[in-house]
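Examining the three-dimensional arrangement
Read off the chains here:
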Amino acid sequence: MALKLLVTGREGQVAQALLAKQTDHLQIEALGRPTLDLTDPSSIDLAIAAFRPDVIVNAAAYTAVDKAESEEETAFAVNATGAGNVAAAAAAAGLPIIHISTDYVFPGDKATPYVETDPTGPQGAYGRSKLAGEVAAAAANPRHVILRTAWVYGPYGNNFLKTMLRLAATRDTLRVVADQHGTPTYAPDIAEGILAVAQRLVSDASAPSGVFHMVSAGETTWAGFAEEIFRQSAALGGAAATVEPIGTSEYPTPARRPANSRLDTNLFTRTFAYRLPTWQSGIERCLEASADAR
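These numbers come from a predicted model, not from an experiment.

Reading the values: rules and limits
For every chain, the first residue of its written sequence is number 1, and the numbers climb from 1 along that sequence. With the structure being a predicted model, the display of local features is reserved for residues of pLDDT at least 70 and the display and counting of side-chain atom pairs for 80 or more, all residues being used for whole-chain, interface and lining totals. Excluded from the side-chain calculations are hydrogens and water; all other atoms, namely the structure's heavy atoms, are used. Helical segments are the DSSP runs of H or I of at least four residues, strand segments are the runs of E of at least two, and each set is numbered from the N terminus. As a reference, a globule follows 2.2 Å times the number of residues to the power 0.38, and the radius of gyration itself is taken over C-alpha atoms. Each residue is assigned to one of three classes by its accessible area relative to the maximum for its type, calculated with a 1.4 Å probe on protein chains only: buried under 20%, partly exposed between the two thresholds, exposed over 50%. Here, two residues are considered to be in contact whenever any of their heavy atoms come within 4.5 Å of each other. Each accessible area is a Shrake-Rupley result for a 1.4 Å probe, and residues are judged covered by the shown protein chains and nothing else. Counting rule for charge: Lys and Arg are taken as positive, Asp and Glu as negative, and neither His nor the chain ends is counted. A charge is said to be at NZ when it belongs to Lys, at CZ for Arg, at CG for Asp and at CD for Glu. Counted as a polar contact is a pair of N or O atoms within 3.5 Å, where, for protein atoms, one must be capable of donating a hydrogen and the other of accepting one, and residues adjacent in sequence contribute only when both atoms are in side chains. Note on geometry: axes are C-alpha line fits, over the in-contact stretch for helices, and angles between N-to-C directions span 0 to 180 degrees. Roughly parallel covers angles under 35 degrees, roughly antiparallel covers those over 145, roughly perpendicular covers 65 to 115, and oblique covers all other angles. Each crossing gets its hand from how the near helix is turned against the far one by less than a right angle, where anticlockwise is left-handed and clockwise is right-handed. Side-chain classes are defined by residue name, with Ala, Val, Leu, Ile, Met, Phe, Trp, Tyr, Cys and Pro counting as nonpolar, Asp, Glu, Lys and Arg as charged, and the others, Gly among them, as polar. Paired strands, in this sense, are two strands between which DSSP finds at least two bridges. When the strands point away from the viewer and the connection leading from the first strand across the helix to the second strand turns clockwise, the crossover is called right-handed. Only buried residues count toward a nonpolar core, which is a set of Ala, Val, Leu, Ile, Met, Phe, Trp, Tyr and Cys residues joined through side-chain atoms within 4.5 Å. Every helix has an expected span of 1.5 Å times one less than the residues it contains. Classification of ring pairs rests on two measures: the distance between centres of Phe, Tyr or Trp rings, Trp counted by its six-membered ring, which must be within 6.5 Å, and the angle between planes, read as stacked under 30 degrees, edge-to-face over 60 and tilted in between. In this scheme, Lys NZ or Arg CZ marks a charge over a ring once it lies within 6 Å of the ring centre and within 35 degrees of the ring normal.

To continue, consider the overall build of the chain. Looking only at helices and strands, the chain has nine helices and twelve strands in total. For 294 residues, the compact-globule formula gives about 19 Å, and the C-alpha radius of gyration of the chain, at 19 Å, lands near that figure. Considered along the principal axes of its C-alpha atoms, the chain spans approximately 55 × 40 × 40 Å. For the chain, the proportion of its 294 residues judged to be buried stands at 51%. Long-range contacts, defined as pairs at least 24 residues apart, comprise 79% of the intrachain contacts of the chain with a sequence gap of at least 6. About 12,900 Å² of surface is accessible on the chain, with carbon and sulfur atoms providing 51% of the total. The positive charge centre, built from 24 side chains, and the negative charge centre, built from 31, are 1 Å apart in the chain.

Structure representation (structure tokens):
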């Protein structure tokens with residue numbers, strides 16, 4: 001019998017990565033606006049009734065971090081109210097929900113990786129909206145798994161890896177922030193982690209609920225991420241550039257970024273017996289996938 005996942009959002013990196021995982025034993029329906037609109041609860045109910053999923057994955061989000069500073073109401077409508085709507089619809093249908101969240105719920109001033117019980121404290125509108133979404137999802141559905149991830153990239157959509165390769169095609173040197181620490185996480189690896197959680201939720205009615213951190217193994221900086229991208233790209237005969245490390249103060253943005261986005265994944269690994277691969281291996285597979293697409 002096939003596992004059926006209803007995924008909110010269709011064009012996002014995680015939704016696209018999940019769609020690519022479909023097999024005879026895994027059916028995925030990824031729906032975005034206008035068919036499924038997080039701000040329209042009736043559209044969520046209709047999608048559930050039509051597809052009859054086993055688990056709902058809320059991967060849709062307002063992710064324009066800088067734009068959210070001037071569009072906070074819109075960010076909250078999707079990331080907070082919308083998250084609550086999806087979780088409530090899932091609960092009404094007797095279904096568990098997997099909700100995707102972010103490192104931006106933390107202030108980024110801790111010296112070590114964040115654990116799930118650390119105090120939150122978003123620095124910007126996007127983080128505030130995502131934290132409110134966690135609270136809304138948990139309140140609306142007791143069978144919830146909230147997965148915080150970070151620095152997402154992949155073969156789909158716009159992301160840091162694609163931007164670096166695009167810029168390297170016309171520039172010899174790129175200035176990249178070196179005082180923000182975190183873990184690049186490959187979208188297809190996030191998809192595999194989601195599937196591990198979904199299988200557990202379906203097979204075990206008493207599976208744990210709550211918040212879990214799920215990122216790739218290891219850590220680096222944005223500059224270190226760029227250097228590894230170019231090292232691997234050059235080895236494949238692709239674009240490369242020299243990375244000039246700079247401080248956050250030299251690259252001002254409307255929204256403040258956490259200096260520390262590192263997330264401790266031990267609770268996730270213990271609970272679901274699954275660990276994501278290293279961030280370096282994700283780059284390798286992403287570059288291979290991009291080359292296959294050309």
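Here Glu 116 lies in the loop between β4 (97-102) and α4 (125-140). From its side chain, Glu 116 meets the backbone nitrogen of His 213 in a polar contact 2.8 Å long. Beyond its immediate sequence surroundings of up to four residues, Glu 116 is in contact with Arg 148, Val 211, Phe 212, His 213, Asp 264, Leu 267 and Phe 268.

Axis separation between helix α3 (residues 72-92) and α4 bottoms out at 8 Å; the angle between their running directions is 15°. In terms of their interaxial angle, α3 and α4 are classed as roughly parallel. Here the hand of the crossing between α3 and α4 comes out right-handed. Across from Glu 72, Ala 75, Phe 76, Asn 79, Ala 80, Ala 83, Gly 84, Ala 87, Ala 88 and Ala 91 in α3, the residues of α4 making contact are Ala 125, Tyr 126, Arg 128, Ser 129, Lys 130, Ala 132, Gly 133, Ala 136, Ala 137 and Ala 140. In terms of residue class, the contact of α3 with α4 is made up of 13 nonpolar, four polar and three charged.

If a strand is regular, its side chains alternate between the two faces of the sheet. Residues Val 55 and Val 57 line one face of strand β3 (residues 55-58) and the alternating positions Ile 56 and Asn 58 line the opposite face, and both faces are buried. Relative to β3, strand β1 (residues 3-8) is paired through four bridges, and the arrangement is parallel. Paired with Leu 6 across the strands is Ile 56, a residue of β3. The sheet contact formed by β3 and β4 spans three bridges and is parallel. Looking across to β4, one finds that Val 57 is bridged to Ile 98. As for the winding sense of the linkage, the β-α-β connection from β3 through α3 to β4 is right-handed.

The next thing to look at is the side chain of Thr 265. You can see Thr 265 is positioned in the loop between β12 (242-246) and α8 (266-272). Non-local contacts of Thr 265, meaning those with residues more than four positions away in its chain, are made with His 213, Met 214, Val 215 and Arg 275.

Moving on, we come to the nonpolar core. Of all hydrophobic cores here, the largest spans 31 residues; its most connected members are Leu 5, Leu 18, Ile 98, Leu 147 and Ile 194. Among the elements of the structure, β1, α1 (13-19), β2 (26-31), β3, β4, β5 (144-149), α6 (187-203) and α8 are those that each provide at least two residues to this core. The element contributing the most residues to this core is α6, with eight residues. Here Ile 98 is in contact with Val 55, Ile 56, Val 57, Asn 58, Val 145, Leu 147, Ile 194, Val 197, Ala 198 and Leu 201, once residues within four sequence places are set aside. Ranked by size, the runner-up nonpolar core spans 29 residues in total, among them Phe 106, Ala 150, Trp 151 and Tyr 153.

Here the focus is α4. Helical geometry: 3.6 residues make up each α-helical turn, so side chains three or four residues apart lie on a common side. The end-to-end C-alpha separation of α4 is 22 Å, in line with the 22 Å expected for 16 residues at 1.5 Å each. In this structure, the buried side of α4 is in contact with α3, β4, β5 and β10 (210-213).

Moving on, we come to the environment of Thr 35. Within the secondary structure, Thr 35 is located in the loop between β2 and α2 (41-51). A C-alpha to C-alpha distance of 38 Å links Thr 35 and Ala 259, two positions 224 residues apart in sequence.

Another point: the packing of aromatic side chains. Each aromatic ring pair is specified by the distance between its two centres and by the angle formed by the two planes. Under the criterion given, the structure shown has eleven aromatic pairs. Positioned over the ring face of Phe 51 is Lys 4, at 4.7 Å from the centre of the ring.

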